[in-house]
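# Chain and residue survey
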Amino acid sequence: LSRRQRQMCIRDRSDVSSISEQVLPSIVAIDVTAQTTTNTPFGAQTSEGTGSASGIIIAQKDNKMYIATNNHVVEGATSVTIIFNDGSKVSATVKGTDSSTDLAVVEVDMSKLSDSTKKNIKIATIGDSKKTKVGEQAIAIGNALGYGTSVTVGYISAKDREIDAEDSASVKLIQTDAAINPGNSGGALVNSKGEVIAINSSKFASEEVEGMGFAIPIDSAKPIFEQLISTGKVARPYIGLTGRDLTEQTAKANNLVEGVYVVSVEPFCSAEKAGIKAGDVIVGIDGTSIKTMDELNN
């Protein structure tokens, strides 16, 4: 390496070190005990298991601290324990979950924390994932494999990746080659400024593929977290129709246009009030082209 390249490498390492020091007080490990039900030839059987994952301190209100994580981390939890950066532990409760986006918020009573822990931790700085560019540095911080908080470094590989999960709607994710392993779920993907730009979600990463981790953009997660903190639930607009995707081939075969074919409309709903009827084809909303039910729902 040339002298200039060596200097750049040294500077990059020191930058990651300083970013990590800035972000680590906002990252927690989460230990969960949960019940799972398995269907067997002898009927449904319930068992209890434990797991470890990650979380991000995102808010504090009325002597309560709120920690963001994934829904699959706390789903079915009977007990939740938070481990802070200084090693202290505290029990927590699940404030609210949203399975369709795989997001959740955990609540901690601040009165349970020591003064030293309160001084050591802080609320994460939230970035703007819309401004994130492919090729930018990405740093994944979380409780990988339950060994404790660790840091991995890579780049933003792609944006708006659609990964279909079994228990959620199609969501657009940020792809990164920063290593995201089991236990990183719910942890932070941060940029070179130490701002959280996404929530790591390792369940979307295939074990057969290297360098393809995925994270939920923070701009998509923020409104969900705000509702979960406020009410413990997520309310979504309800159109009130069932539809079917019309591909270009199907549309031509039926002398229709490409879009969403309206199969039925529920009475007294928004769709009916707007004059939408069965047999209509929805091709756009407010100037935005619509071709699938996923696009319509978004």
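Note that the structure is predicted; figures quoted are calculated from it, not measured.

So, how was this worked out
Residues numbered from 1 in each chain as written. Predicted model: local features only at pLDDT ≥ 70, side-chain atom pairs only at ≥ 80, totals over all residues. Heavy atoms only, no water. pLDDT = per-residue confidence, 0-100. Helix = DSSP H or I, 4+ residues; strand = E, 2+ residues; numbered from the N terminus. Core = buried A, V, L, I, M, F, W, Y, C linked by side-chain atoms within 4.5 Å. Buried < 20%, exposed > 50% of the residue type's maximum accessible area, 1.4 Å probe, protein only. Contact = heavy atoms within 4.5 Å. 1 Å grid on protein atoms, 1.4 Å probe; cavity = no way out; pocket = protein on both sides within 12 Å on 5 of 7 lines; lining within 4 Å. Points joined across faces, edges and corners; volume = space filled by probe spheres on them. Nonpolar A, V, L, I, M, F, W, Y, C, P; charged D, E, K, R; others polar. Pairing = 2+ DSSP bridges. Axes fitted to C-alpha atoms, helices over the stretch in contact; angles between N-to-C directions. Polar contact = N/O pair within 3.5 Å; in protein donor to acceptor, adjacent residues only side chain to side chain. Salt bridge = Lys/Arg side-chain N within 4 Å of Asp/Glu carboxyl O. Expected span 1.5 Å × (residues − 1).

### Focus: the confidence of the model for the protein
For the protein, per-residue confidence averages 88 on the pLDDT scale, and 90% of positions sit at 70 or higher. Across the protein, element-level confidence peaks in strand 3 (residues 64–69) with a mean pLDDT of 97 and bottoms out in helix 1 (residues 3–23) with 68.

### Structural notes on the nonpolar core
Core analysis: the biggest nonpolar cluster contains 28 residues, and Ile56, Ile58, Leu103, Val190, Val196, Ile199 and Phe225 have the highest contact counts within it. In terms of residue count, helix 4 (residues 218–231) provides more of this core than any other element does, six residues in total. In this view, Val196 contacts Ile56, Ala124, Thr125, Ile126, Gly127, Ala188, Leu189, Val190 and Ile218; residues no more than four positions away in its chain are not counted. Residues Ala34, Ile57, Ala92 and Leu113 belong to the second largest nonpolar core, which totals 21 residues.

### Re empty space enclosed by the protein
Applying the stated criterion to the full structure yields one cavity of 30 Å³ or more. Taken together, Gln22, Val23, Ser26, Lys122, Ala124, Thr125, Gly194 and Val196 make up the lining of the largest cavity. A breakdown of the residues in the lining of the largest cavity according to their chemical character gives three nonpolar, four polar and one charged.

### Concerning the sheet that holds strand 12 (residues 213–217)
Spatially, six strands are ordered 7-8-9-12-11-10 in a closed barrel, and the strand pairing comes out antiparallel. Between one strand and the next, the sheet's axes are offset by a mean angle of 45°, whatever the strand orientation. Across the sheet, helix 4 is in contact with strand 11 (196–200) and strand 12; its angle to strand 11 comes to roughly 75°.

### Let's talk about the side chain of Thr69
Take Thr69: it is sitting in strand 3. Residue classification places Thr69 among the buried residues on the basis of a relative accessible area of 0%. A polar contact is formed between the side chain of Thr69 and the backbone oxygen of Ser54, at a distance of 2.8 Å. Setting aside residues up to four positions removed in sequence, Thr69 forms contacts with Ile30, Ser54, Gly55, Val74, Asp102, Leu103, Ala104, Val106, Ser185, Gly186 and Phe225.

### Some remarks on the sheet that holds strand 5 (residues 89–98)
The six strands are arranged 1-2-3-6-5-4 in a closed barrel whose pairing can be described as antiparallel. For this sheet, the mean angle separating the axes of adjacent strands, direction not counted, is 35°. Pairing of strand 4 (residues 77–83) with strand 5, which is carried by four bridges, proceeds in the antiparallel orientation. Among the inter-strand pairings, Ile82 is bridged to a residue of strand 5, identified as Val90.

### Quick word on the pattern of salt bridges
Pairing between side chains becomes possible if they bear opposite charge and their charged atoms approach one another. Summed over all chains, the structure comprises three salt bridges. The partner of Lys252 in a salt bridge is Glu248, with the nearest N and O atoms 3.5 Å apart. Residue Lys252 and its partner Glu248 are both found in helix 5 (residues 248–253); the two are separated by four residues, about one turn of the helix.

### Comments concerning unusual backbone geometry
Of note, the phi angle at Leu145 is positive, near 60°, even though the residue is not glycine. Assignment of secondary structure puts Leu145 in the loop between strand 7 (137–142) and strand 8 (150–163). Judged by relative accessible area, Leu145 falls into the exposed class, the value being 51%. One non-glycine residue with positive phi stands out, namely Asp160, at about 60°.

### A look at the environment of Ile285
In this structure, Ile285 sits in strand 16 (residues 284–285). When its relative accessible area of 38% is taken as the criterion, Ile285 is described as partly exposed. Separated by ten residues in sequence, Ile285 and Glu295 place their C-alpha atoms 9.9 Å apart. In this view, Ile285 contacts Ile290 and Leu296; residues no more than four positions away in its chain are not counted.

### Let's talk about helix 4
Helix length check: helix 4, at 14 residues, gives a terminal C-alpha distance of 20 Å against a target of 20 Å (1.5 Å per residue), a fit within 8%. What helix 4 keeps buried is the set Ile218, Asp219, Ala221, Ile224, Phe225, Leu228 and Ile229. As for helix 4, its buried residues are in contact with strand 2 (43–61), strand 3, strand 5, strand 6 (103–109), strand 11 and strand 12. Positioned one or two residues after helix 4, Gly232 has a phi angle of 80°, which is positive.

### Some remarks on the environment of Glu248
Residue class for Glu248 comes out partly exposed when judged on its relative accessible area of 47%. A sequence separation of 43 residues divides Glu248 from Lys291, and the C-alpha atoms of the two residues are 9.5 Å apart.

### What about the pairing of strand 2?
Regular strands have side chains that alternate between both faces of the sheet. In this sheet, strand 2 lies alongside strand 1 (residues 27–40) in antiparallel orientation, the contact comprising 14 bridges. Among the inter-strand pairings, Ile30 is bridged to a residue of strand 2, identified as Ala53. Where strand 2 lies against strand 3, five bridges are found, and the strand directions are antiparallel. Bridge pairing links Gln60 to Met65 in strand 3.

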